[in-house]
Amino acid sequence: MRCPKCLCIYSKVIDSRVSKNHSSIRRRRECTDCNYRYSTAEVILHEDVIVVKRDGRREDFDRSKIVNGIRRAIEKRPVDVEQIDLMIVDVMKLLESQYDIEIPSRAIGEAIMEQLKQIDKVAYVRYASIYKDFRDLSDFANEITKLKN
Ligand SMILES: [Zn+2]
C-alpha cells in the first residue's frame, strides 16, 4: 500500500478495527517516511463464487453489481452505506449456506428483495420493479397490495 501523500510503500499499522458484523477490518496506518496517517480496509472477496444467470450463462461474482443495484433502489431513501454493507453480508451468508460455489442470480435477487423489504418498502418496490421486470402500473399496484397484506 502506497502512502497517499509521499507514495512511500512502507507503513506501520497503528490501529485495527473489526467491523460490527466481522465482515471487514479497517487498519489505521502511519507512513514510516512522512508520518502521514491513512486507513485501509480488508474485505472478504467471495472470489470463488460463480453466478448462474437466468439463461444459464455463468459469470464471476461481482459485488459491485449488487451494490449498484441496491444503490439504484435506495436513491433518496433513508438508507445508509453501512446498511447496504450489512445487507450484502447477510445475503452472502444466507446464499453460501444454501449453495456451494454456484449461486443462481435469481436467488441473489430474491435474497436482496427480502432484505430491502425489512429495511425500506419503497426501495423494495423499486428493486422488485427492476428485478421482476414490471411492465405497467398494475404490476406496481399488485406488489404494493401484497406488501400491505
Ligand atoms: Zn508518506
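Residues numbered from 1 in each chain as written. Predicted model: local features only at pLDDT ≥ 70, side-chain atom pairs only at ≥ 80, totals over all residues.

Asker: Is there a simple way to think about the overall build of the chain in this case?
Answerer: The helix and strand tally for the chain stands at five helices and six strands. Helices and strands in the chain line up, N terminus first, as β-β-β-β-β-α-α-β-α-α-α. Relative to a compact globule of 149 residues, whose C-alpha radius of gyration would be 15 Å, the chain shows 19 Å and is clearly more extended. Dimensions of the chain, computed from C-alpha atoms along their principal axes, come out at roughly 65 × 35 × 25 Å. With 149 residues in all, the chain has 14% of them scored as buried. (Helix = DSSP H or I, 4+ residues; strand = E, 2+ residues; numbered from the N terminus. Rg over C-alpha atoms; globule rule 2.2 N^0.38 Å. Buried ≥ 20, exposed ≤ 12 C-beta atoms within 10 Å, placed from the backbone.)

Asker: Please explain the sheet that holds strand β6 (residues 102–104) as it appears in this structure.
Answerer: Sheet strands pair by backbone hydrogen bonding; their relative direction is either parallel or antiparallel. The sheet built from three strands is open, its strands ordered β5-β4-β6 with mixed pairing. The two strands at the open ends of the sheet, each matched to only one other strand, are β5 (58–60) and β6. Between one strand axis and the next, the sheet turns through 35° on average, direction left out of account. Against the sheet, helix α3 (residues 105–119) makes contact with β4 (50–52) and β6, and its axis sits at roughly 60° relative to β6, the strand it touches most. (Pairing = 2+ DSSP bridges. Axes fitted to C-alpha atoms, helices over the stretch in contact; angles between N-to-C directions. Contact = placed C-beta atoms within 7 Å.)

Asker: Just to check I follow, could you spell out the packing of helix α1 (residues 63–74) against helix α2 (residues 81–98) for this structure?
Answerer: When two helices pack together, their arrangement is captured by the angle between the axes and the distance separating the axes. Packing of α1 against α2 brings their axes to within 11 Å, and their N-to-C directions diverge by 125°. It follows from the interaxial angle that α1 and α2 lie oblique. At the point where α1 passes α2, the crossing takes the right-handed sense. The segment α1 lies against α2, with R63, I66, V67 and I70 engaging I84, M87 and I88. In the contact of α1 with α2, the residues fall into six nonpolar, no polar and one charged. (Parallel < 35°, antiparallel > 145°, perpendicular 65-115°, else oblique. Left-handed = near helix turned anticlockwise from the far one by under 90°. Nonpolar A, V, L, I, M, F, W, Y, C, P; charged D, E, K, R; others polar.)

Asker: Please clarify how the nonpolar core should be interpreted in this entry.
Answerer: By size, the foremost hydrophobic cluster in this structure holds 17 residues, and its most contacted members are V91, I112 and Y127. Elements represented by at least two residues in this core include exactly α1, α2, α3 and α4 (121–131). Excluding its chain neighbours within four sequence positions, the residues that come into contact with I112 are I66, I70, V91 and Y127. (Core = buried A, V, L, I, M, F, W, Y, C linked by C-beta atoms within 7 Å.)

Asker: Please clarify how the packing of α2 against α3 should be interpreted in this entry.
Answerer: Look at α2 against α3: their axes get within 10 Å of each other, and the N-to-C directions meet at 135°. Classified by the interaxial angle, the pair formed by α2 and α3 is oblique. Like other packed secondary-structure pairs, α2 and α3 cross with a definite hand, here right-handed. In this structure, α2 contributes Q83, M87, D90, V91, L94 and L95 to the contact, and α3 contributes A107, I108, A111, I112, Q115 and I119.

Asker: Can you walk me through α1 in this structure?
Answerer: Every α-helix winds through 3.6 residues per turn, so residues three or four apart in the chain are directed the same way. With 12 residues, α1 extends 17 Å between its outermost C-alpha atoms, agreeing within 8% with the 16 Å of an ideal straight helix rising 1.5 Å per residue. I66, I70, A73 and I74 are the residues of α1 that are buried. Summarising the axial view, the buried residues of α1 lie within an arc of 90°, below the 170-degree limit, and thus occupy one face. Facing away from the buried side of α1 by over 90 degrees, the exposed positions are S64, N68 and R72. After α1 finishes, the residue K76 shows a positive phi value of roughly 60°. (Expected span 1.5 Å × (residues − 1). Arc of directions from axis to C-beta.)

Asker: Help me understand the domain arrangement of the chain in this model?
Answerer: When the parts come together, some accessible area is lost, and that loss is often what is quoted as the size of the interface. Taken as a whole, the chain is organised into domain 1 (11–43) and domain 2 (50–148). Domain 1 and domain 2 are separated by 31 Å when their C-alpha centres are compared. (Domains from an automatic or database assignment.)

Asker: Can you walk me through the environment of R63 in this structure?
Answerer: Within the secondary structure, R63 is located in helix α1. Spatially, the C-alpha atom of R63 lies 31 Å from that of Y36, the residues being 27 residues apart in sequence. Not counting chain neighbours up to four residues away, the residues in contact with R63 comprise H46 and I88.

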